[in-house]
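Structural characterization, general
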Amino acid sequence: MSTVIENLLLRKQKLVEQLETAPSVEDRDQIEHQLEQINTALDFLDRPGPEDGT
């Protein structure tokens, strides 16, 4: 599972860097949408599972 999280964090870092240099509003919107998806996935993966609640 940590590999998935590491990959998501790496992708997020690259997108943030791209966002800083995005030439158009459309590019920024697309990057921001991808960042939202990554944040959602990270939030989901960060939640404790049923076995963690004991």
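As for the packing of helix α1 (residues 2-21) against helix α2 (residues 25-46)
- α2 packs onto α1 with a crossing angle of 155 degrees between their chain directions and a minimal axis gap of 10 Å. Taken as axis vectors, α1 and α2 run roughly antiparallel relative to one another. Where α1 crosses over α2, the two elements pack in a sense that is left-handed. Residues V4, I5, L8, L9, R11, K12, L15, V16, Q18 and L19 of α1 form the contact with α2, whose participating residues are R28, I31, E32, Q34, L35, I38, N39, A41, L42 and L45.
- Class assignment for the residues of the contact of α1 with α2 results in 13 nonpolar, three polar and four charged.

Observations regarding a negative patch on the surface
- On the surface, a cluster of negative charge is made up of E26, D29, E32 and E36.
- Position of E32 among the secondary structure elements: in helix α2.
- E32 gets classed as partly exposed once you look at its relative accessible area, which sits at 38%.

Quick notes on the rules
- Residues numbered from 1 in each chain as written.
- Predicted model: local features only at pLDDT ≥ 70, side-chain atom pairs only at ≥ 80, totals over all residues.
- Heavy atoms only, no water.
- Axes fitted to C-alpha atoms, helices over the stretch in contact; angles between N-to-C directions.
- Helix = DSSP H or I, 4+ residues; strand = E, 2+ residues; numbered from the N terminus.
- Parallel < 35°, antiparallel > 145°, perpendicular 65-115°, else oblique.
- Left-handed = near helix turned anticlockwise from the far one by under 90°.
- Contact = heavy atoms within 4.5 Å.
- Nonpolar A, V, L, I, M, F, W, Y, C, P; charged D, E, K, R; others polar.
- Patch = residues over 30% accessible without salt bridge, like charges linked within 9 Å, V, L, I, M, F, W, Y side chains within 5 Å.
- Areas by Shrake-Rupley, 256 points an atom, 1.4 Å probe, with all protein chains shown as cover.
- Salt bridge = Lys/Arg side-chain N within 4 Å of Asp/Glu carboxyl O.
- Lys, Arg positive; Asp, Glu negative; His and termini not counted.
- Charge placed at Lys NZ, Arg CZ, Asp CG, Glu CD.
- Buried < 20%, exposed > 50% of the residue type's maximum accessible area, 1.4 Å probe, protein only.

Scope: geometric values only; no functional claims are made or implied.
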